[in-house]
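# Structure at a glance
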Amino acid sequence: MAAVLKKRALAEYNKSFQDGPPSKKLHLAKKPLIGSSAAAFVGLLEKCKSSDEALQLLLRISDCLQFQESDVEEAIKKLSEHFQSEQESVVRVKILWLFCDIGLECPGANLNNLIDETIHLIKNETSHRVIAQGIATLLKLGSKLCEDKILMMRLVGVAKDNLKDTSHQVKCRCLQLISELYPIIPEADRTTEMVTEADAIVKLLGDYSNAEDARVRCEAFQSLLTLHERGQTLSANLYDIVCPALSDDYEIVREVALKLVWLLGNKYPENSITLQDGETTMRMVDDAFIRICSAVNDLCMQVRALACTLLGTTRGVSDRFLLQTLDKQLMSNMKKKRTAHERGAELVRSGAWASGRRWADDAPGALLDTETVQLLPGGAAGAFVHGLEDELMEVRTAAVDAVCQLSMENTVFATTSLDFLVDMFNDEIEDVRLRAIDSLTKISHHIVLREDQLETILGALEDYSMDVREGLHRMLGSCTVASKTCLEMCIDKILENLKRYPQDKRSTFRCVQRLGSSHASLVLPLTTRLLAVHPFFDMPEPDVEDPAYMCVLILVLNAAQHCSTMLPLFEEHTVKHYTYLRDTMPHLVPPLPIGDTRLSRRERTEAAMDDSAVRRFFDTVLQHIDNATLSTAVRLKMLQSAEEQLNKLCEMEPLVAGAAQFTALFARCVLALHAALRAAAGPPAHALTYLATDCLRLQHQFSGVSEQENACVWQLALRVAAARLIAAVECAATPAPATPAAPPAAAPALSAAAALTHHAELLDRLLASAGVEPDPFTIAVFQQLSQSAENKPAALARALQPLLHAAPLPVIPKPNLKIRMCTASIVEPASDNDTVVRFSAGLIAGVALEAEVWRVREPGALRVRVAYPDRRVHALVPPRDHLRELDHHNTNDDGTQNVRLLTKVLISHGVWTEPCGVDISVCLAVEECGREPAPLVELCRPVRVTVAPKPIKRGI
């Protein structure tokens, strides 16, 4: 650290100058690596007596691969000479592999020479494996020189020459090289010759789609796709070449051909395609859609899943073909096909018997070609029906996603596919059910739910999975129901399900809130029944803490926002309950013109307050705190008063709570540090511990902090680190009784000195990047640390103590209303829970934890802190899949995230004589230097769970 800081600290903060002759520059020469350099192994190739020894030597070269720049050319020359004299193809393959590694990883390697040498070596090669490796080496080396058009054309020419090889591996490598290295010229700069040459390349790749080997055919189609991705325009004439490959015997060919058919269909949607009869024409996008639909019945699962995925991304398909995917009936020219029996029965009913007047009047029809008869449904008929009924989850999931994507852009298709998506709610796989629920949520603006559909949807509310139930709550909140009966069914089922799963209370509240806002006209006739309003009798007042009654209130009050006719129907106790809910859950209950007038006046006052008023208040509070003419005592009193006022502002104005809390916490740290330094017996250890925790909160719990404000916080933390060092040195100097188990007295001082040095290094980098001038104390610390490479804790503390006492009060940052604070709220277990968790001592008990965390920068740093009564503290890392996004508020404008933590807290302990409380809280782990565990910053108040470990009963 001292070495790191010395250069910058002396350069920027030390004002002393020295006159004299200029210092002599030293030239440092790097010594060659002896024994570990690959050049030494290359020189041993000549002494190898067998191919096995040469291969082992080449493997050692590949492992170390350390060459001096002057040795690279010589090594390549020796490897090339050994290549020409080597008989085993495996060794030659390894040499070409080394050429690629040397060109990509070794500095000073000439790629052009490596390419020339590789082309020369494979020119007269007979081994297929060696040629394939040579083409692969040329591909990787050429990708680094793709701007050299002449070289690229030369490499493409080498690949063309080797396409005549009989090995499928060589052909595949050559096709890959041509597609990735052929220079693509922008369309504006292309000449006629360039266009002709590019068309010849495309035709060459298309010709190899008829190769005998399936791997070559697959690579040919993949090369065409690669050319398209690089910007080459593919001709529509390729469509006739690709379509026969959809019935290839190998699934790898069918899979790539599907992608190419989809690509051409979307690129040339309006081109006319003539069908097999030679008369009927069809748009290319419709024909491609039908062919992709046929692939839904493929034997390979990957092909079926890909077909469903491509169907969802096909655009511009005619509605008649799109709707046919949801009907299994075979259609010919949009007419239902009739069987031979049906046609014969119609002939009998019409009375058109053979009369015998004409020759061969009852002769049989023409013979049918067996190849034209299909036993399975063909074309687009029922494609999505087959996909949704597939036996494999991957296909069903892809089909659900495809139906959702097409429904978002087509209202008619969305209405038609609604029944099929609702049927997927009963799928055996949870992931498929979730996809169907999310899909229905996305297309909710296109559909209206009927009673028969709602029966299936509401039946899925009994699912054991919480994800499914909450997904259904989101879907019901975003959908529109057809009638009052449907809404009544929804409400009754939601209230019934709430009794079965009381943990879904928060999700249910948001569901009924959206239902009431979007169905105000349907809630109006149900208001008297829901609120139990009788025209003649006074009904008993419901319990406002009952979750079912709260659901009804939230539903009715959100509907009353859009239907003023509902307000006169409210009883007196309903208005009182509205006032209570408005205070406790303002995000669920809208403001209404009922209730206490003072509440309405306060809401109007809150709405009228803007940023300018808050800024004026901040300026008034912090007006004279930084005034250097005032005495320190007066400034401290003003700082204490400012802290109190900012804490009150934090409670009154949630929108500026982060900025107020940040400034108040900074002021509290300044007051606490000043009190600790003025203590008669030296800085108390417990006060410094709290100070260090508050500094960590300032550094890591707030977002939207500017660089200047962050620099002020880090400089304050530097003072706290210096005070901790002084306290640790004073504690080490105090004699204490020596015990064998006690750690050395100098250990805390060494740890404090290391922490101070590390913090100063980070602060130095922060100030340099932010361009902020440090305060005098920070400059003094930097100079002190840079004077000696090894600062002993005692000497460093003696030097810093007078500087710390003489330093003025830190500068209070200006108010920044964009600052937000990371907070957490534990929903379960409840703070007023009296249930005692009993388990056998030494075993493990699980406590369900549900928490909501707002504005966290790194969700992976969240920890669950478990504090036992005997001062033992455990920090549990929740699994990654236990952190989920909040469904009602996911994103923030400052880049932070809102997450929901659903996990099990594992508790274990020995035998206790009586039940005691275990505190559970959500914290943020702060990574710092040292081997000690990361400090924890609490984001919420801990919740106490009563635990009673019982002794284990032995025997029977």
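Nothing here was measured: the structure is a model prediction, and the numbers come from that model.

### Considering the overall build of the protein chain
- The helix and strand inventory of the protein chain stands at 38 helices and 16 strands.
- Considering the protein chain as a whole, with its 956 residues, one finds that 46% of them fall into the buried category.
- Sequence-distant contacts, at least 24 apart, represent 72% of the contacts inside the protein chain between residues at least 6 apart.
- For the protein chain, the computed accessible surface area is about 51500 Å², with 53% contributed by carbon and sulfur atoms.

### As for the confidence of the model for the protein chain
- Residues of the protein chain with pLDDT of at least 70 account for 84%, and the chain-wide mean is 81.
- Low pLDDT (under 50) marks residues 1-36, which in the prediction has 36 contacts with non-local residues, meaning those over four places away or in another chain.
- The model gives residues 373-377 a pLDDT under 50, and that stretch makes 3 contacts with residues more than four places away or in other chains.

### A few points about the sheet that holds strand β12 (residues 883-885)
- Across the sheet, 4 strands lie side by side as β7-β9-β13-β12; this open sheet has antiparallel pairing. Edge strands, defined here as strands with exactly one partner in the open sheet, are β7 (823-828) and β12. Recorded for the sheet is a direction-independent mean angle of 25° between the axes of neighbouring strands.

### Here we look at the environment of Q453
- Of note, Q453 is situated in helix α22 (residues 451-459).
- Measuring from C-alpha to C-alpha, the distance between Q453 and D419 comes to 7.0 Å, with 34 residues separating the pair along the chain.

### Considerations on the packing of helix α6 (residues 111-123) against helix α7 (residues 128-143)
- Two elements in contact, α6 and α7, have axes separated by 10 Å at closest approach and are oriented at 160°. By the criterion of interaxial angle, the relationship of α6 to α7 is roughly antiparallel. Of the two possible hands of crossing, α6 and α7 adopt the one that is left-handed. Across the interface between the two elements, L111, L114, I115, T118, I119 and I122 of α6 pack against V130, G134, I135, T137, L138, L141 and G142 of α7.

### A look at the environment of S51
- Looking at the element boundaries, S51 is found in helix α3 (residues 51-64).
- The spatial distance from the C-alpha of S51 to the C-alpha of Q87 is 7.8 Å, given a sequence separation of 36 residues.
- Once residues within four sequence positions are removed from consideration, S51 is found in contact with E86, E88 and V91.

### What to know about the side chain of E852
- In this structure, E852 sits in strand β9 (residues 845-856).
- For E852, a relative accessible area of 3% gives the class buried.
- In this structure the side chain of E852 is engaged in a polar contact, spanning 3.0 Å, whose partner is the side chain of R506.

### Details of the nonpolar core
- Ranked by size, the top nonpolar core spans 178 residues in total, and within it L440 and L476 carry the most contacts.
- In terms of residue count, the dominant contributor to this core is helix α28 (residues 547-560) (12 residues).
- Discounting residues that sit within four places of it in the chain, L476 has contacts with L454, I457, L458, L461, C490, I494, C511 and L515.
- Membership of the second largest hydrophobic core comes to 72 residues, among which are A667, L671, A711 and V781.

### Description of helix α14 (residues 284-294)
- Counting buried positions along α14 yields 9 of 11 residues, so the element is predominantly enclosed.
- Looking only at α14, the buried set comprises M284, V285, D286, D287, A288, F289, I290, I292 and C293.

### Points about the pattern of salt bridges
- The tally for this structure, following the rule as stated, stands at 33 salt bridges.
- The closest approach of N and O atoms between R291 and D287, which form a salt bridge, is 2.8 Å. Separated by 4 residues within a single helix, R291 and D287 lie in helix α14, roughly one turn from each other.
- Looking at R291, the relative accessible area reads 32%, which means it is partly exposed.
- Under the relative-accessibility criterion, D287 is labelled buried at 5%.
- Between R765 and E761 there is a salt bridge, with its nearest N and O atoms 2.4 Å apart. Linking R765 with E761, this pair stays in helix α36 (residues 746-770), spanning 4 residues, or about one helical turn.
- Using a relative accessible area of 48% as the deciding quantity, one classes R765 as partly exposed.
- Three or more residues are tied together by salt bridges with common partners; here these are E270, R283 and D286.

### A few points about a negative patch on the surface
- A contiguous patch of negative charge on the surface is contributed by E541, D543, E545 and D546.
- Structurally, the position occupied by D543 is in the loop between α27 (527-530) and α28.

### What about the packing of aromatic side chains?
- With the rule as written, the count across this model stands at 2 aromatic pairs.
- A cation over an aromatic ring shows up here: K94 above the ring of W97, its NZ or CZ 5.3 Å from the ring centre.
- The ring of Y501 has R469 sitting right over it, with the charged end atom 3.7 Å from the ring centre.

### Focus on helix α33 (residues 657-677)
- Here α33 contains 21 residues, and its C-alpha end-to-end distance of 30 Å stays within 8% of the 30 Å for a straight helix at 1.5 Å per residue.
- α33 sits mainly inside the fold: 18 of its 21 residues count as buried.

### Some remarks on unusual backbone geometry
- Backbone torsion omega between E828 and P829 reads 5°, so that peptide bond is classified as cis.
- Positionally, P829 belongs in the loop between β7 and β8 (836-840).
- At R871, a position not held by glycine, the phi torsion is positive, near 75°.
- On the secondary structure map, R871 appears in the loop between β10 (862-867) and β11 (873-876).

### A short note on the packing of α22 against helix α23 (residues 466-478)
- Contact pair α22 / α23: the axes reach a minimum separation of 10 Å and the direction vectors enclose 150°. By the angle class used here, α22 and α23 are roughly antiparallel. For the pair formed by α22 and α23, the contact residues are L454, I457 and L458 on the first element and L472, M475 and L476 on the second.
- Here the residues of the contact of α22 with α23 are counted per class, giving 6 nonpolar, no polar and no charged.

### Details of the environment of E69
- Tracing the chain through its elements places E69 in the loop between α3 and α4 (72-85).
- Overall, the relative accessible area of 54% leaves E69 in the exposed class.
- Separated by 37 residues in sequence, E69 and C106 place their C-alpha atoms 7.9 Å apart.
- Ignoring sequence-local partners within four residues, the contact set of E69 consists of P107 and G108.

Reading the values: rules and limits
- Residues numbered from 1 in each chain as written.
- Predicted model: local features only at pLDDT ≥ 70, side-chain atom pairs only at ≥ 80, totals over all residues.
- Heavy atoms only, no water.
- Helix = DSSP H or I, 4+ residues; strand = E, 2+ residues; numbered from the N terminus.
- Buried < 20%, exposed > 50% of the residue type's maximum accessible area, 1.4 Å probe, protein only.
- Contact = heavy atoms within 4.5 Å.
- Areas by Shrake-Rupley, 256 points an atom, 1.4 Å probe, with all protein chains shown as cover.
- pLDDT = per-residue confidence, 0-100.
- Pairing = 2+ DSSP bridges.
- Axes fitted to C-alpha atoms, helices over the stretch in contact; angles between N-to-C directions.
- Parallel < 35°, antiparallel > 145°, perpendicular 65-115°, else oblique.
- Left-handed = near helix turned anticlockwise from the far one by under 90°.
- Polar contact = N/O pair within 3.5 Å; in protein donor to acceptor, adjacent residues only side chain to side chain.
- Core = buried A, V, L, I, M, F, W, Y, C linked by side-chain atoms within 4.5 Å.
- Salt bridge = Lys/Arg side-chain N within 4 Å of Asp/Glu carboxyl O.
- Patch = residues over 30% accessible without salt bridge, like charges linked within 9 Å, V, L, I, M, F, W, Y side chains within 5 Å.
- Lys, Arg positive; Asp, Glu negative; His and termini not counted.
- Charge placed at Lys NZ, Arg CZ, Asp CG, Glu CD.
- Phe/Tyr/Trp six-rings, centres within 6.5 Å; stacked < 30°, edge-to-face > 60°.
- Lys NZ or Arg CZ within 6 Å of the ring centre and 35° of its normal.
- Expected span 1.5 Å × (residues − 1).
- Nonpolar A, V, L, I, M, F, W, Y, C, P; charged D, E, K, R; others polar.

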